[in-house]
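Commentary on secondary and tertiary structure
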Amino acid sequence: MPAIPPRGATPRTAVATWTALFALCAAFLTGCDTGSAPGASAARRPAPSPTPAWDRSPASIAAVGDSITRGYDACSVLADCPEVSWATGSDERVNSLALRLLGARGVATRSWNFARSGARMAQLPGQMAQAAARKPALVTVLVGANDACRDTTDLMTPVDAFRASFEEAMRRLRAAAPRTQVYVSSVPDLKRLWSEGRGNPLGKQVWKLGLCASMLAGADDLGEAAERRRALVHDQVVAYNEVLREVCAEDRHCRYDGGAVFAYRFTGAQLSPWDWFHPGLGGQQRLAEIAHRAVTAERPPAPAAAPERQAVTPPARS
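So, here's what we can say about the structure. (Residues numbered from 1 in each chain as written. Predicted model: local features only at pLDDT ≥ 70, side-chain atom pairs only at ≥ 80, totals over all residues. Heavy atoms only, no water.)

**As for the overall build of the chain**
Convention followed: Helix and strand assignments follow DSSP, with helices taken as H or I runs no shorter than four residues and strands as E runs no shorter than two, numbered in order from the N terminus. Categorising residues by exposure relies on relative accessible area from a 1.4 Å probe, with only protein chains included: less than 20% of the type maximum marks a residue as buried, more than 50% marks it as exposed, and the intermediate range marks it as partly exposed. Two residues form a contact once any of their heavy atoms are found within 4.5 Å. In short, Shrake-Rupley with a 1.4 Å probe defines the accessible areas, and a residue's cover is counted only from the protein chains shown.
Along the chain, the regular secondary structure elements total 13 helices and 5 strands. A burial count over the chain gives 47% of its 318 residues as buried. Once local pairs closer than 6 in sequence are excluded, the contacts in the chain between residues at least 24 apart make up 72%. Carbon and sulfur atoms provide 54% of the accessible area of the chain, an area that totals close to 16400 Å².

See below:
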């Protein structure tokens, strides 16, 4: 190490000596204290961006989706009843997500229902654009049942197309409302609804009108072909829910319900008294409870038990 310049050294010599000393200190920071505060170098490093906090009390809510979110067949036969919607309804018997979070006055002024009965995932981008225009704090999503509920299993929405439409819906939301939170519900277990509803004679008569024929046609037929058809629909719903989970996981402001709605075992008392398939008042209330628990939780919901794909027996060759 260069010596400290003695008294009487020329200015030029002193400057040269001190320059060399500081250069050596720079090379051996751990062994030379130049007067900087401990940890100053670390303090100058840019801090990592914090994970955005989830707002557990959103101040406004918009809903997108299908007939379930419109309260179809929950109040009267073959009609929407948005006042009992699990997401934005005003009926105290259901105690919707919006009613729990915003109160009655908030439901009237700060909640919007853009869902449409019969909608499939392909219609979600348009609905999401409508919702985004309101700049809501939270958007609820429940869609996919109609993609599996078709006249035949061949007409079910392909999984890749389902994914592309959901991704497009999220892009449209983010283009207009980058910070809006999203709660995504899993698609209900349609086979469970068939199993529960087929015990009601009136419900089965309504099913014959063509309601979700891919699952509900021939309600009492337990033959190999019918069981294979229902298994195909079940597996398609499982695949849709996996898409919802994956796409939601890519967005830092999105929460998936962990499969809670799919896993929930609706009872006959919770289904519509007119079609025994759509959620009635009790079913809407349960959907609201599941959503409220997910939205207000400190952390995202833990995944429900993963549903197993059902073994599908290939059709016999003729």
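**Things to note about the pattern of salt bridges**
Rule in force here: One side-chain nitrogen of Lys or Arg within 4 Å of one carboxyl oxygen of Asp or Glu is enough to make a salt bridge.
Taken as a whole and assessed by the stated rule, the structure comprises 14 salt bridges. Across the pair Arg171 and Glu168 runs a salt bridge whose closest N-O atoms are separated by 3.0 Å. With Arg171 and Glu168 both in helix 7 (residues 159-176), this residue pair falls 3 residues apart, about one helical turn. Classification of Arg171 by relative accessible area gives partly exposed; the value is 49%. Under the relative-accessibility criterion, Glu168 is labelled partly exposed at 26%. The partner of Lys204 in a salt bridge is Asp220, with the nearest N and O atoms 2.8 Å apart. Taken together, the residues Lys204 in helix 9 (residues 201-207) and Asp220 in the loop between helix 10 (213-216) and helix 11 (224-249) connect sequence positions 16 residues apart. Asp220 sits in the partly exposed class, given a relative accessible area of 47%. Each of Arg163, Glu242, Arg245 and Glu246 takes part in a single network of salt bridges with overlapping partners.

**Structural notes on unusual backbone geometry**
One can expect most non-glycine residues to show negative phi and most peptide bonds to be in trans. The phi torsion at Asp73 lies on the positive side, around 65°, for a residue other than glycine. Tracing the backbone through its elements, the reader meets Asp73 in the loop between helix 3 (67-70) and helix 4 (97-110). With a phi close to 55°, Asn95 is a non-glycine residue in the positive phi region. Considering the arrangement of structural elements, one finds Asn95 in the loop between helix 3 and helix 4.

**What to know about the nonpolar core**
As a rule of thumb, soluble globular proteins bury nonpolar side chains together. Here is the rule: We call a set of buried residues a nonpolar core when its members are Ala, Val, Leu, Ile, Met, Phe, Trp, Tyr or Cys and they connect through side-chain atoms within 4.5 Å of each other.
In this structure, Trp86, Val141, Val184 and Leu190 are the most contacted members of the largest nonpolar core, which totals 69 residues. With 8 residues, helix 11 is the largest single contributor of residues to this core. Residue contacts for Trp86: discarding those within four places in its chain leaves Ile68, Thr69, Val94, Ser96, Leu97, Thr140, Leu142, Tyr183, Gln284, Leu287, Ala288 and Ala291.

**Details of the pairing of strand 4 (residues 181-184)**
To be explicit about the condition: Strands qualify as paired when DSSP identifies two bridges or more between them.
Burial along strand 4 is two-sided: the residues Gln181 and Tyr183 and Val182 and Val184 are all buried. Of the strand pairs in this sheet, strand 3 (residues 138-142) and strand 4 are connected by 4 bridges, and their pairing is parallel. What sits directly across from Thr140, in strand 4, is Tyr183. As paired strands, strand 4 and strand 5 (residues 254-256) are joined by 3 bridges and run parallel to one another. When the bridges of strand 5 are listed, Val182 appears paired with Cys254.

**Observations concerning the packing of helix 7 against helix 11**
Rules: What counts as an axis is a line fitted to C-alpha atoms, over the stretch in contact for a helix, and the angles between N-to-C directions run from 0 to 180 degrees. Each angle receives one of four descriptions, namely roughly parallel if under 35 degrees, roughly antiparallel if over 145, roughly perpendicular if within 65 to 115, and oblique otherwise. Note on convention: the crossing is left-handed when the near helix lies turned anticlockwise from the far helix by less than a right angle, right-handed when the turn is clockwise. Charged means Asp, Glu, Lys or Arg here, nonpolar means Ala, Val, Leu, Ile, Met, Phe, Trp, Tyr, Cys or Pro, and polar covers whatever is left, Gly included.
At a minimum axis distance of 10 Å, the contact between helix 7 and helix 11 shows a crossing angle of 30°. By the angle between their axes, helix 7 is roughly parallel relative to helix 11. When the axes of helix 7 and helix 11 are compared, the crossing they make is right-handed. Counted together, Val159, Phe162, Arg163, Phe166, Glu167 and Met170 of helix 7 and Gln236, Ala239, Tyr240, Val243, Leu244, Glu246, Val247 and Cys248 of helix 11 form the full contact between these two elements. Of the residues belonging to the contact of helix 7 with helix 11, the class tally is 10 nonpolar, 1 polar and 3 charged.

**Quick notes on the state of the cysteines**
What counts is decided by this rule: Cysteine sulfur atoms that come within 2.5 Å of each other are treated as a disulfide pair.
Across all of its chains, the model carries 3 disulfides by this definition. Put simply, Cys75 and Cys81 are joined by a disulfide, and their sulfur atoms are 1.9 Å apart. The sign of the -65° torsion about the S-S bond sets the Cys75-Cys81 disulfide as left-handed. Look at Cys75 and you get partly exposed, because its relative accessible area is 30%. Of the residues examined, Cys81 reaches a relative accessible area of 2% and is grouped as buried. The disulfide bridge from Cys149 ends at Cys212, spanning 2.0 Å between sulfur atoms. Because the torsion about its S-S bond is -75°, the bridge between Cys149 and Cys212 counts as left-handed. Residue Cys149 is located in the loop between helix 6 (145-148) and helix 7, and its partner Cys212 is located in the loop between helix 9 and helix 10; the two are separated by 63 residues in the primary sequence. Of the two residues, Cys149 and Cys212, both sit in the buried class.

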